[in-house]
Structure formats: C-alpha cells, structure tokens
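Listed below, chain by chain, are the residues.
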Amino acid sequence: MKISVVIPTINEPAIESVLRDVFDALKDHDIEVIIVDKSTDETPVRAAELGATVIHQTGTGYGDAYITGFKHISKDSEVVAILDGDYTYDPYDIPALLQPINDGVDFVIGNRFALMDKEAMSKRNALGNKLLTAMIRYLYHVQITDSQSGMRAIRRSALDDLRLQSPHMPFASEMIIDAQKVGLTITEVPISYRKRVGEAKLDPFRDALSIVFMTVRLVRDYNPIVFFLPIGFIFILIGLFYGASVVIEYTNTGVVTRFAAAILSVLLIMTGLQVTFFGLLADIILTNLRRR
Ligand SMILES: Nc1nc2c(ncn2[C@@H]2O[C@H](COP(=O)(O)OP(=O)(O)OP(=O)(O)O)[C@@H](O)[C@H]2O)c(=O)[nH]1
Ligand SMILES: [Mg+2]
C-alpha cells in the first residue's frame, strides 16, 4: 500500500527531525513525502536533502497548502497522511492512523486530547477547539472529539470524492463536514501532542471566527431548512407578538391606535414567511439536484 505524507511548512526549524521520524516510522511501507512550502528560511532545502519532494506554494494559507499538495500525489498512492511540520505531532503515530484504513475505514483523525503533553496546547486553544468540535458534532452528527487535529489519514479514493476549497484554517473542519456529507466512514485514534518548536503561523482568534462562519455557511448550503426555518420562525414570532398587542387593544376598546405596531407586525410576519418559503424552496431544489 503506497502512502503519501503531505506536510505544509512555513519556516519550521523542526522539519528535519519531523522528516527523519516520518521516514523511520514508515520504513516498512512504500512512501513519498510532499512538503508544501512557503518559507523564507532554509526549511525547503533541508527537507529536500532528506528526500522529501518540495513544492513551492504560490497561494497562501494552510488549506491552500494541502489543496496544492494533494494535486502532486502520485497516481499509484492509496493512502494520504497529513501532519504539521512543527514537531507537535509524532510521526510514529502514523501507523496507528493507517490501521483503521487497513480495516476498511475511509478517514481517520488523530485525537490529541488522548495523549496531550502539558503545555502543548493553551487552555484558550483547548476551549476553542472543544467549542468548534461541539458545533460540528451538533450540526453534522459526526462523533469526534478533536475537530481541529492536523494529523489525519484518508483513503486516496475517498480524498478524491471531497471538494475541498477552504484556503485557510477552516480547511480542517471542511474536510470533516465534506467527508460526512459524502458518506465516508470516519474514526478517531488516540495520538500524542507536543509543544511546538518555532513560531506559530496561525492566529487562533481570527481562525476560530472564520471556522464558525464556514461551519454555519455549510449548514446553509447542505441543509437549508435547518438554517432558514429558525430565522423565519423568529421573524414570525416577533411579528405575532406585536400583532397580538394590536388585537388585544382592538378587542378591549374597539379601536386601533397602535398603527406602527400593526404595520411592523405585518412586515415581520411577511418577511418570516418569505424566509421560511425560501428555505423550503432551497431544500426542494437541493433534493432534486441530489437525485440526479
Ligand atoms: N505552506 C504553508 N504552510 C502553512 C501555512 N500556514 C501554516 N502552515 C504550516 O501548517 C502547519 C500548521 O500551522 P501552525 O502554525 O503549526 O498552526 P497551529 O498548529 O494551529 O498552531 P500551533 O498550535 O501554534 O502549532 C505548520 O507546519 C505550518 O508551518 C501556509 O499558509 N502555507
Ligand atoms: Mg502546529
């Protein structure tokens, strides 16, 4: 079984140690290592010296790096493993990720919370990760504990089924959501997680926000009823609330003085109905597209 290991790098001082461990951990397999690099230091030179194929990334972003790297995987490769080049993931965990794939699973995610070193992840990042993971579990019903883990393995044929587009950090969530949508089998295995060597390249707060937006946007695209119906109902409920005050006044006094409330109520209810019908229509269109 040929394995492609893809690693994105920007100025990673630990790249030599990571690569040595990757080659040693997978010495019994037929492998290729693809480094997708955007460094200004010696990282690509050192990676090439150790036998990795180095691709210079012309675009920007963590997701863009992987999308670029995936285009360079050999035709005969059957499994793709990914990890960061910053020493945080232990390449000796890769065989544990390959095991479920041998057993028929399509997509395996390393769960860092299982064997995490103290200080490897800040409390803030751990909390953010837990919240993002809870959101994906709730919205997409995927049973995972570490949605932002960067160490994964996926069957090549399954990877070809995904339509990955996120150029930045939401890529990690997009891969899981897309995998769930196309019906891949997903499982998690415990992995270790260590403190980073070198500077972080990502901004956790900005990334967390963009991951939330992407997760919600995909609900809109994949499941419009779940997205639009609650919004429509909220408009209708507020409209009914205002309308009720007008009706109560009319039944008590026989006159209507609250014209503003009456107009607002009608507008809100009409808007709510429009949004609701839009959701239903989008759902019908999507169902018919899927049937094709
Ligand atoms: N080629 C390329 N690599 C990137 C880009 N952004 C991040 N990386 C690499 O992707 C991996 C993950 O980035 P990190 O900076 O470690 O992000 P992180 O793991 O969320 O942050 P830490 O917890 O601080 O490690 C590292 O190997 C980076 O060098 C990018 O735009 N292009
Ligand atoms: Mg990292």
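Note that the structure is predicted; figures quoted are calculated from it, not measured.

Analysis parameters
Residues numbered from 1 in each chain as written. Chains lettered and ligands numbered in written order. Predicted model: local features only at pLDDT ≥ 70, side-chain atom pairs only at ≥ 80, totals over all residues. Heavy atoms only, no water. Near = heavy atom within 4 Å. Polar contact = N/O pair within 3.5 Å; in protein donor to acceptor, adjacent residues only side chain to side chain. Areas by Shrake-Rupley, 256 points an atom, 1.4 Å probe, with all protein chains shown as cover. Helix = DSSP H or I, 4+ residues; strand = E, 2+ residues; numbered from the N terminus. Nonpolar A, V, L, I, M, F, W, Y, C, P; charged D, E, K, R; others polar. Core = buried A, V, L, I, M, F, W, Y, C linked by side-chain atoms within 4.5 Å. Buried < 20%, exposed > 50% of the residue type's maximum accessible area, 1.4 Å probe, protein only. Patch = residues over 30% accessible without salt bridge, like charges linked within 9 Å, V, L, I, M, F, W, Y side chains within 5 Å. Salt bridge = Lys/Arg side-chain N within 4 Å of Asp/Glu carboxyl O. Axes fitted to C-alpha atoms, helices over the stretch in contact; angles between N-to-C directions. Parallel < 35°, antiparallel > 145°, perpendicular 65-115°, else oblique. Contact = heavy atoms within 4.5 Å. Domains from an automatic or database assignment. Buried area = accessible area lost by both parts, 1.4 Å probe.

Participant: I'd like to hear about the site of ligand 1, residue by residue, with values.
Facilitator: The environment of ligand 1 is formed by 18 residues, the closest being Pro8, Glu12, Gln57, Asp86 and Lys201. Note that an oxygen atom of ligand 1 is positioned 2.8 Å from one of the backbone N or O atoms of Pro8. Contacts to ligand 1 include Thr9, whose backbone N or O atom sits 3.3 Å from a nitrogen atom. Summarising the interface, the protein chains cover 87% of the accessible area of ligand 1, which totals 630 Å² for the free molecule. Sorting the residues of the shell around ligand 1 by element identifies strand 1 (2-9) and helix 3 (62-70) as the ones contributing at least two each. Of the residues that constitute the shell around ligand 1, the class distribution is eight nonpolar, four polar and six charged.

Participant: Tell me about the nonpolar core, residues and numbers included.
Facilitator: Counting residues in each nonpolar core, the largest one holds 36 residues, and the members touching the most others are Phe70, Ile154, Leu159 and Met175. Within the residue set of this core, elements represented by two or more residues are strand 2 (30-37), helix 3, strand 4 (79-82), strand 5 (107-116), helix 5 (123-140), helix 6 (156-161), helix 7 (171-181) and helix 8 (204-222). With 32 residues, the next largest nonpolar core counts Val22, Val33, Ile35 and Ile191 among its residues.

Participant: A description of a nonpolar patch on the surface should follow, citing residues and the corresponding values.
Facilitator: On the surface, a cluster of nonpolar side chains totalling about 370 Å² of accessible area is made up of Phe205, Leu209 and Phe213. Among the secondary structure elements, Phe205 is positioned in helix 8. The exposure class assigned to Phe205 is exposed, which follows from its relative accessible area of 60%.

Participant: Lay out the pattern of salt bridges with the relevant residues and their values.
Facilitator: Following the criterion strictly, the structure yields 13 salt bridges and no others. A salt bridge links Glu12 to Lys201; the shortest N-O distance between them is 3.2 Å. Of this pair, Glu12 sits in the loop between strand 1 and helix 1 (15-25) while Lys201 sits in the loop between strand 7 (186-193) and helix 8; the two residues are 189 residues apart in sequence, bridging distant segments of the chain. When its relative accessible area of 32% is taken as the criterion, Lys201 is described as partly exposed. For Arg196, the salt bridge is made with Asp86, and the minimal N-O distance between the two is 3.5 Å. Of this pair, Arg196 sits in the loop between strand 7 and helix 8 while Asp86 sits in the loop between strand 4 and helix 4 (94-102); the two residues are 110 residues apart in sequence, bridging distant segments of the chain. Residues participating in the shared-partner salt-bridge network are Glu12, Asp86, Arg196 and Lys201.

Participant: Could you give me a rundown of the packing of helix 8 against helix 9 (residues 224-253), with the residues and numbers involved?
Facilitator: Following both chains from N to C, one finds helix 8 and helix 9 inclined at 100°, their axes separated by 5 Å at the closest point. Compared by their axis directions, helix 8 and helix 9 come out roughly perpendicular. Contacts from Val216, Val219, Arg220, Asp221 and Tyr222 in helix 8 reach Pro224, Val226, Phe227 and Phe228 in helix 9. A per-class count over the contact of helix 8 with helix 9 returns seven nonpolar, no polar and two charged.

Participant: How would you summarise helix 7 if you had to cite specific residues and measurements?
Facilitator: Within helix 7, nine of the eleven residues are buried, leaving the element largely enclosed by the surrounding structure. For helix 7, every residue scored as buried is listed here: Phe171, Ala172, Ser173, Glu174, Met175, Ile176, Ile177, Asp178 and Ala179. Positive backbone phi, approximately 85°, marks Gly183, located one or two places after helix 7.

Participant: Please give an account of the side chain of Lys2 that cites residues and values.
Facilitator: Position of Lys2 relative to the elements: it lies in strand 1. Judged by its relative accessible area of 14%, Lys2 is buried. In this structure, Lys2 is in contact with Asp30, Glu32, Ser74, Asp76, Ser77, Glu78 and Val79, ignoring residues within four places of it in sequence.

Participant: Can you explain the domain arrangement of the protein chain? Please cite residues and give values.
Facilitator: Taken domain by domain, the protein chain consists of domain 1 (2-222) and domain 2 (224-291). When each unit is reduced to the centre of its C-alpha atoms, the spacing between domain 1 and domain 2 is 44 Å. Contact with domain 1, which involves five residues of that partner, is made by six residues of domain 2. Summing the contributions of domain 1 and of domain 2, the shared interface buries around 450 Å²; its carbon and sulfur component is 70%.

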